[in-house]
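# Per-entry structural report
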Amino acid sequence: MKTSYSTLAIAALTLCTATAGYADLERGKRLFNQSCAMCHGKQGEKSALDQSALLNTLKTDEIITALQARKAGEIVGAGNAAKNRLSEEDMKSLAEYIETLK
Ligand code: HEC
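We now turn to the structure provided with this report. (Residues numbered from 1 in each chain as written. Predicted model: local features only at pLDDT ≥ 70, side-chain atom pairs only at ≥ 80, totals over all residues. Heavy atoms only, no water.)

So, on to the overall build of the protein chain. The number of helices and strands found in the protein chain is 6 helices and 0 strands. Starting at the N terminus and walking to the C terminus, you meet the elements of the protein chain as α-α-α-α-α-α. Burial status across the protein chain gives 28% buried among its 102 residues. Put simply, of all contacts in the protein chain between residues at least 6 apart along the chain, 57% involve residues at least 24 apart. With the model as given, the accessible surface of the protein chain reaches about 6700 Å², and the carbon-plus-sulfur share is 59%. (Helix = DSSP H or I, 4+ residues; strand = E, 2+ residues; numbered from the N terminus. Buried < 20%, exposed > 50% of the residue type's maximum accessible area, 1.4 Å probe, protein only. Contact = heavy atoms within 4.5 Å. Areas by Shrake-Rupley, 256 points an atom, 1.4 Å probe, with all protein chains shown as cover.)

The next subject is the site of the ligand. Neighbouring residues of the ligand: 22 residues in total, closest C36, C39, H40, R70 and K83. For the ligand, a nitrogen atom lies 2.8 Å from a polar atom in the side chain of H40. Across the shell around the ligand, the residue classes break down as 14 nonpolar, 6 polar and 2 charged. (Near = heavy atom within 4 Å. Polar contact = N/O pair within 3.5 Å; in protein donor to acceptor, adjacent residues only side chain to side chain. Nonpolar A, V, L, I, M, F, W, Y, C, P; charged D, E, K, R; others polar.)

With that settled, consider the packing of aromatic side chains. Taken as a whole and judged by the stated rule, the model has 1 aromatic pair. Between F32 and Y97, the ring centres sit 5.8 Å apart and the planes meet at 55°, which makes this aromatic pair tilted. In this pair, F32 is assigned in helix α2 (residues 25-35) and Y97 in helix α6 (residues 88-99), connecting sequence segments 65 residues apart. Overall, F32 belongs to the buried group, its relative accessible area being 0%. (Phe/Tyr/Trp six-rings, centres within 6.5 Å; stacked < 30°, edge-to-face > 60°.)

Below, the structure is given as structure tokens:
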């Protein structure tokens, strides 16, 4: 039994790391608290500079699209400096984490 469990664990781990854009909740949490919470609130409950929607009311794909648009410069806002640095994985991880704040 032990062998099959560890084989399964290794298989699962390989699958996760191999999947492009794998969202990592811990990473999302760390990033959010470091670079987003000061404007958007620890729980995504604040309107940043009274200009943004409340992040904890947005859907995962809405968050990802919003971040991509700002990184691409299609939408310019006061938080763009924080968004420009994000990779696709970061965006997915952030969106997954924000989902848990609801
Ligand atoms: C300096 C303050 C600031 C920081 C830091 C910041 N933002 Fe923002 N954010 C804003 C402002 C202001 C807006 C509204 C203007 C705009 O449309 O970009 C906004 C808009 C957004 C939107 C779109 C919401 C809507 O109204 O549709 C999302 C999603 C978002 N931010 C996520 C994040 C994430 C995730 C981070 C961390 C990587 C972050 N922001 C960091 C200020 C900030």
